[in-house]
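Each chain, written out:
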Amino acid sequence: QIYDDLDRTGLLPVHSNGRAVSLRDILQVAAVAHEVGRSANGGAHHKRSRRLLQKLGVPPGWAAKDLVIAGLVARFHRGALPSAQKTYAGLAVEDRKVVDCLAGILRLADSLDYGHEGVIRSIQLARRDGSVELAAEGVRARDKNAEKVAAARYLLEEACGTAIRVRERSAGPRTDILAQRSVS
């Protein structure tokens, strides 16, 4: 839903122009695969998820590059920010922007429901006062997850070039959980 809202509001900094598949499809594959690496023992499941996607044959209608991008999005849904990783560095600038944006979306979405308990019931994203406001029903101010959300939004802020403010969405008065920060 974050992807769709960014696209609807004109804030999505990348587009599917000339790709075999849509960026939304690439994001969906990465989202489904991002936890697959947990099936093996040990840490670094995000790296295993990328490797598993790279071992797949290219699906019909897809370009090999799109599967590589999906793997990198799954890889960067947590941990280090994309930068010097060899496969990422070898991409064209426009493709690196796609990875940054889609990984930022997945990173933020994953942090909102970090415990995978389905606590987020709905999300609404809108432009407000020169930034993006993400209102999430089910997120709580000052809960144990607020710090993770604050860190996770950074990559998407950089990709979109705008600050993202996350707040609780409820029937009552607005409660900002994370203060807006400026992005240069």
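Everything here concerns the structure above.
Since the structure is predicted, the reported quantities are computational estimates derived from the model, not experimental observations.

## Quick notes on the pattern of salt bridges
Right, on to step 1. Using the criterion set out here, one finds seven salt bridges in the structure.
Right, on to step 2. Linking D95 and K65 is a salt bridge whose minimum nitrogen-to-oxygen distance equals 3.3 Å. With D95 in helix α6 (residues 93-112) and K65 in helix α4 (residues 64-75), this residue pair connects regions lying 30 residues apart in the sequence.
Right, on to step 3. For the salt bridge of E133 with R128, the shortest nitrogen-to-oxygen distance reads 3.3 Å.

## As for the environment of A109
Right, on to step 1. Among the structural elements, A109 can be located in helix α6.
Right, on to step 2. The class of A109 is partly exposed, set by a relative accessible area of 33%.

## Overview of unusual backbone geometry
Note on backbone geometry: most residues besides glycine have negative phi, and most peptide bonds are trans.
Right, on to step 1. Here D129, not a glycine, exhibits a phi torsion of approximately 50°, which is positive.
Right, on to step 2. For D129, the position within the fold is in the loop between β1 (122-128) and β2 (131-137).
Right, on to step 3. Accessibility expressed as a relative area gives 73% for D129, which makes it exposed.

## Points about the side chain of T162
Right, on to step 1. Relative to the helices and strands, T162 resides in the loop between α7 (146-160) and β3 (164-168).
Right, on to step 2. Accessibility expressed as a relative area gives 11% for T162, which makes it buried.
Right, on to step 3. Among the polar contacts made by the side chain of T162, one reaches the main-chain carbonyl oxygen of G130 at a distance of 3.4 Å.

## Observations concerning α7
Right, on to step 1. Across its 15 residues, α7 extends 21 Å between first and last C-alpha, which sits within 8% of the 21 Å expected from 1.5 Å per residue.
Right, on to step 2. Buried residues of α7: A146, V149, A152, R153, L155, L156, E157 and C160, and no others.
Right, on to step 3. Against the buried residues of α7 lie α1 (2-8), α6 and β3.
Right, on to step 4. Downstream of α7 by a residue or two, G161 has a phi angle that is positive, lying close to 70°.

## A short note on the packing of aromatic side chains
Right, on to step 1. One pass over the structure, following the stated rule, counts one aromatic pair.
Right, on to step 2. Between F76 and Y88, the aromatic rings sit 6.0 Å apart at their centres with planes inclined by 70°, giving edge-to-face as the arrangement. With F76 in the loop between α4 and α5 (86-89) and Y88 in helix α5, this residue pair connects regions lying twelve residues apart in the sequence. Side by side, F76 and Y88 carry an identical accessibility label, which is buried.

## What about the layout of surface pockets?
Right, on to step 1. Here the largest pocket defines a volume of roughly 390 Å³.
Right, on to step 2. For the lining of the largest pocket, the secondary-structure elements that each account for two or more residues are α1, α2 (23-33), α6 and β1.
Right, on to step 3. In terms of residue class, the lining of the largest pocket is built from ten nonpolar, four polar and four charged.

## Structural notes on the environment of A31
Right, on to step 1. Structurally, A31 is set in helix α2.
Right, on to step 2. Using a relative accessible area of 30% as the deciding quantity, one classes A31 as partly exposed.
Right, on to step 3. As for A31 and A74, which are separated by 43 residues in sequence, their C-alpha atoms are 6.7 Å apart.

## Regarding the nonpolar core
Right, on to step 1. Ranked by internal contacts, the top residues of the largest apolar core, which has 43 residues, are I2, L6, L102, I105, L112 and L134.
Right, on to step 2. Elements with a contribution of two residues or more to this core: α1, α2, α4, α6, β1, β2, α7 and β3.
Right, on to step 3. Of the residues forming this core, the biggest block, nine residues, is contributed by α6.

The rules behind the values
Residues numbered from 1 in each chain as written. Predicted model: local features only at pLDDT ≥ 70, side-chain atom pairs only at ≥ 80, totals over all residues. Heavy atoms only, no water. Salt bridge = Lys/Arg side-chain N within 4 Å of Asp/Glu carboxyl O. Helix = DSSP H or I, 4+ residues; strand = E, 2+ residues; numbered from the N terminus. Buried < 20%, exposed > 50% of the residue type's maximum accessible area, 1.4 Å probe, protein only. Polar contact = N/O pair within 3.5 Å; in protein donor to acceptor, adjacent residues only side chain to side chain. Expected span 1.5 Å × (residues − 1). Contact = heavy atoms within 4.5 Å. Phe/Tyr/Trp six-rings, centres within 6.5 Å; stacked < 30°, edge-to-face > 60°. 1 Å grid on protein atoms, 1.4 Å probe; cavity = no way out; pocket = protein on both sides within 12 Å on 5 of 7 lines; lining within 4 Å. Points joined across faces, edges and corners; volume = space filled by probe spheres on them. Nonpolar A, V, L, I, M, F, W, Y, C, P; charged D, E, K, R; others polar. Core = buried A, V, L, I, M, F, W, Y, C linked by side-chain atoms within 4.5 Å.

All quantities given are derived from atomic positions and should not be read as evidence of function.
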